[in-house]
Amino acid sequence: MYRSQRLGLKYLTASTVMFGAMVAFGLLSSIYYIWPGFLLNVFNFNTAKIVHIDGLVIWLLMGFLGAIYWFLPQELDREVEGIALAEILFWVFCAAVAVVVVVFLFVQYGSATEASMWFINQGRKYVEAPRWAALGIVAVMGVFAYNVLGTTFKARKSTGILTVLMFDLVPLVVLYLDAFPEMRNMSQDLFWWWWLVHLWVEATWEVLIGCIMAWTLIHLVGASRRVVESWLYVEVALVLGTGILGLGHHYFWIGTPRYWFAIGGFFSALEPLPLLGMVVHAVYDAGSNHLRAANRPAFYWTLAEAFGNFIGGGVWGFMMTLPQINLYSHGTQWTASHGHFAFWGAYGCGVIAVLYLALEKGRGYEGLDGRAWKWSFALLNTGMLGMVGALLVAGMDQAFYERAIGGSTWGAFLAMEGRPWFIEGMWGRFAFGLLFACGYAMLVYDLLATRRREATVSEPMAAAGS
Amino acid sequence: MMEREQRYTQDPLFWRAGAIAATIFMSMVLVALTIDTLRQITPGSPRVPAYDVINNSVGYEYDPARAEYAPKIGGEELIFGHKYSPEEAAELIGKGKLVIQSRACIDCHTFFGNGGYYAPDLTRAWMDPVWSIYAGPKRADKLAAFMMHPLRLGAHAMPDLHIQRDEAEAAVAYLKWMSSVDSNGFPDRFGAASGQ
């Protein structure tokens, strides 16, 4: 195994730990909705939510880095350039995340000074991490970019997937620089903030996971590189062709001009297209393999990624993206429903697929099949669908009663919180969140259990058939 | 099957050209629109008033010509008994933004609908019926007092985030300025249900 692959496994392990932290703080955040006054002035909702959503970003980012450090040396048949530096940066990254979490847990917030921005909390959603930590992430991304570019140039060869990846590194690093400024004009602040959040998540990350899933398909089912690379290019054309101007659906209400209604509405309505293409591709590959693959967990998680991305990102996004609907759905639990489904479908499932793939090839275990992964697959996906459904009920109730009828005032918001559908939605989200957490526990159990299965490789295969 | 005659659509390079063309074209359009949008949302423009708008009354009314709600800026209505020069106003608003970021307000509340969904949207908080029963100068004091010592409103209570008097004044000024931004009719019918 290459050193880079060992680093990949470390990143995937750290990513799984962050996944757990994200789940724990997600569950904690959901309690505030059903128990008003919970931990008031001790550990307020906003801090719990920050650890939940920043944990999400770090979980996925570490998963992507792990996947690429895993696949890159295989792609070029050589060790990754600058791997020693990357190994050091991994520990720096982990230490920085730990320090930031400790600061969030125990310091929480500061006074209105620049020092608070540098050392405590920047208070911008998703990029709350203080500036010093954001600088650390830039360093990690910089070294990662150097690893990919340096290795490719040293190898004096490239592949289609690598070309796309190298191209994607530019926005991946450059857009993150947007995590620092503190602009007094909220309209401008949100304008640039969406460049980071949308162009990262709905464009750069989509391309990144496209590269990772392309490698996954090649390694998992022996898909033809020619077909996979053609699909990847089509996907890039559609993702960036629709997603770059699809950015406009975030510019309806922040003070920006009216032409964004037409541009954002039109292009974001097209955004599901590449995701539908991925479903077609996945179904085609699954069908041509008769739904069989040596690594069944990775195979099913890959399929879940394709469908989840399309339904959670594409369909759920489209449902609320046209300005006529968005006027009422924007900034409600409806958005939270879409957010949960899209992140899970587009990225979460993909990272788990890579986890199983790396586990099989990396440790040389053939016996990954068994009952545990099926339980975790079922619990995680049922938990997620349940949370998404519950949040949708609450969100639609909010959109109609607080927004459309109530006129969005504080009074309308507080009245909405007492409405039965909203309350039921919040309980439903908590209950399915618990189910999701059980799925996570099962996933960790299964990942650890593969060690024990090593000795009895053939038995789990037999058990799977029962 | 592998030996089928190869057409250009089976050549990845054909699709690569499409990907590059789509990305470059869309990026150029985005850059052009960004330049225009930034110009239109610079403080002092019709959409985003200058920071010293905090010296005037700011309301939110239905505009029949636009068939939507829009901010309405009126005559002088000072807050905290002070008329702010453009420089002072900009400084105060800058401090208000730091208060909002340092307390991570956006992770509970929403601003223009963006943020935490756990607490009310603050886009038009300045003219919310809870506060607009008070005339402008008194309203600013009431809002500042609430931020410093939050009261329980409905089921949820806002935490005490140790906001000092000067910080609260800056945050109130920020909310007043933000409520003057033209956000294309968002939120719709704000305050209509309560007869405001």
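Each value, and the rule that gives it
Residues numbered from 1 in each chain as written. Chains lettered and ligands numbered in written order. Predicted model: local features only at pLDDT ≥ 70, side-chain atom pairs only at ≥ 80, totals over all residues. Heavy atoms only, no water. Helix = DSSP H or I, 4+ residues; strand = E, 2+ residues; numbered from the N terminus. Rg over C-alpha atoms; globule rule 2.2 N^0.38 Å. Buried < 20%, exposed > 50% of the residue type's maximum accessible area, 1.4 Å probe, protein only. Contact = heavy atoms within 4.5 Å. Areas by Shrake-Rupley, 256 points an atom, 1.4 Å probe, with all protein chains shown as cover. Lys, Arg positive; Asp, Glu negative; His and termini not counted. Charge placed at Lys NZ, Arg CZ, Asp CG, Glu CD. Pairing = 2+ DSSP bridges. Buried area = accessible area lost by both parts, 1.4 Å probe. Salt bridge = Lys/Arg side-chain N within 4 Å of Asp/Glu carboxyl O. Polar contact = N/O pair within 3.5 Å; in protein donor to acceptor, adjacent residues only side chain to side chain. Nonpolar A, V, L, I, M, F, W, Y, C, P; charged D, E, K, R; others polar. Axes fitted to C-alpha atoms, helices over the stretch in contact; angles between N-to-C directions. Parallel < 35°, antiparallel > 145°, perpendicular 65-115°, else oblique. Left-handed = near helix turned anticlockwise from the far one by under 90°. pLDDT = per-residue confidence, 0-100. Phe/Tyr/Trp six-rings, centres within 6.5 Å; stacked < 30°, edge-to-face > 60°. Lys NZ or Arg CZ within 6 Å of the ring centre and 35° of its normal. Expected span 1.5 Å × (residues − 1).

Enquirer: If you had to explain the overall build of chain B to someone new, which residues and values would you point to?
Expert: The secondary structure content of chain B amounts to five helices and six strands. Mapped in sequence order, the helices and strands of chain B form the string α-β-β-α-β-β-α-α-β-β-α. For 196 residues, the compact-globule estimate of 2.2 N^0.38 gives 16 Å, and chain B exceeds it by more than 25% at 23 Å. With the C-alpha coordinates of chain B rotated into their principal frame, the extents come out at 80 × 35 × 35 Å. Counting over 196 residues, chain B shows a buried share of 54%. Nonlocal contacts in chain B, meaning residues at least 24 apart in sequence, comprise 57% of its contacts between residues at least 6 apart. Carbon and sulfur atoms form 60% of the exposed surface of chain B, whose accessible area is close to 8700 Å². Taking the 19 positively charged and 23 negatively charged side chains of chain B as two groups, their mean positions are separated by 3 Å.

Enquirer: Kindly report on the pairing of strand 2 (residues 68–76) of chain B, identifying the contributing residues and their values.
Expert: Bridging between strand 1 (residues 56–63) of chain B and strand 2 of chain B involves seven bridges; their strand directions are antiparallel. What sits directly across from B:Asn56, in strand 2 of chain B, is B:Glu76.

Enquirer: Which residues make up the interface of chain B and chain A, and what values go with them?
Expert: The partner chain A presents 83 residues to the 87 residues of chain B that form the contact. In total, about 7300 Å² of surface goes out of reach between chain B and chain A, with carbon and sulfur atoms giving 63% of it. Viewed at the interface, chain A and chain B are joined by two salt bridges. A:Arg258 is the salt-bridge partner of B:Glu68, the closest N and O atoms lying 2.8 Å from each other. On the surface where chain B and chain A come into contact, there are 31 residue pairs in polar contact (both at pLDDT 80 or more). Mapped by element, the contributors of at least two residues to the side of chain B that touches chain A are helix 1 (12–40), helix 2 (86–102), strand 3 (110–111), strand 4 (114–115), helix 3 (129–132), strand 6 (156–157) and helix 5 (165–178) of chain B. A per-class count over the side of chain B that touches chain A returns 46 nonpolar, 24 polar and 17 charged.

Enquirer: Residue-level account of the packing of helix 7 (residues 186–221) of chain A against helix 1 of chain B, with values.
Expert: For the pair helix 7 of chain A and helix 1 of chain B, the least separation of the axes is 11 Å and the interaxial angle reads 160°. When the axes of helix 7 of chain A and helix 1 of chain B are compared, the pair comes out roughly antiparallel. Considering the relative orientation of helix 7 of chain A and helix 1 of chain B, their crossing is right-handed. Mapping the contact onto sequence places A:Gln188, A:Phe191, A:Trp192, A:Trp195 and A:Leu199 in helix 7 of chain A and B:Leu30, B:Thr34, B:Thr37 and B:Leu38 in helix 1 of chain B.

Enquirer: If you had to explain the environment of A:Val99 to someone new, which residues and values would you point to?
Expert: All names here are of chain A. In this structure, valine 99 sits in helix 3 (residues 83–106). Judged by its relative accessible area of 40%, valine 99 falls in the partly exposed class. Expressed as a C-alpha distance, the spacing of valine 99 and asparagine 185, which sit 86 residues apart in the sequence, is 30 Å.

Enquirer: I'd like to hear about the confidence of the model for chain B, residue by residue, with values.
Expert: Per-residue pLDDT for chain B has a mean of 91; in total, 93% of the residues score no lower than 70. Interface confidence for the predicted complex, given as ipTM, is 0.95, next to a pTM of 0.93.

Enquirer: Explain unusual backbone geometry to me, using residue names and the numbers behind them.
Expert: All names here are of chain B. Cis geometry is found at the peptide bond from phenylalanine 186 to proline 187, where omega equals -10°. By the secondary structure assignment, proline 187 is in the segment after helix 5. Its identity as a non-glycine residue notwithstanding, alanine 104 has a phi of 50°, on the positive side. At histidine 162, a residue that is not glycine, the phi angle is positive and equals roughly 55°. Within the secondary structure layout, histidine 162 lies in the loop between strand 6 and helix 5.

Enquirer: Could you give an account of the packing of aromatic side chains, naming the residues involved and the relevant values?
Expert: Each aromatic ring pair is characterised by the separation of its centres together with the angle its planes make. Under the criterion given, the structure shown has 55 aromatic pairs over all chains. Taken together, a centroid distance of 5.1 Å and an interplanar angle of 55° make the contact between A:Trp192 and A:Trp195 tilted. Of this pair, A:Trp192 and A:Trp195 both sit in helix 7, three residues apart, which is roughly one turn of that helix. Note on A:Trp192: relative accessible area 23%, which makes it partly exposed. We classify A:Trp195 as buried; its relative accessible area is 15%. Judged by centre distance (6.3 Å) and plane angle (50°), the ring pair of A:Phe343 and A:Tyr347 falls under tilted. Separated by four residues within a single helix, A:Phe343 and A:Tyr347 lie in helix 13 (residues 333–363), roughly one turn from each other. The exposure class of A:Phe343 is buried, given its relative accessible area of 14%. Through pairs of rings, three or more aromatic residues link up here, namely A:Phe19, A:Trp59, A:Phe299, A:Tyr300, A:Trp301, A:Trp344, A:Trp373, A:Phe377, A:Phe436 and A:Tyr440. Lying over the aromatic face of A:Tyr401, A:Arg419 brings its terminal NZ or CZ to 3.5 Å of the ring centre. Above the ring of B:Trp126, the side-chain terminus of B:Arg139 is found at 4.7 Å from the ring centroid.

Enquirer: Quick rundown of helix 5 (residues 131–155) of chain A? Include the residues and the values.
Expert: Spanning 25 residues, helix 5 of chain A covers 36 Å between terminal C-alpha atoms, matching the ideal 36 Å at 1.5 Å per step. One or two residues past the end of helix 5 of chain A sits A:Arg156, with phi positive at roughly 55°.

Enquirer: Talk me through the pattern of salt bridges; I want residue IDs and the actual numbers.
Expert: Charged atoms that come close allow side chains of opposite charge to pair. In total, this model carries 20 salt bridges over all chains according to the counting rule given. With a shortest N-O distance of 2.9 Å, B:Glu76 and B:Lys83 are connected by a salt bridge. Of the residues examined, B:Glu76 reaches a relative accessible area of 52% and is grouped as exposed. A relative accessible area of 52% means that B:Lys83 is categorised as exposed. Three or more residues joined by partner-sharing salt bridges are found here, namely A:Arg258, B:Arg66, B:Glu68 and B:Asp182.

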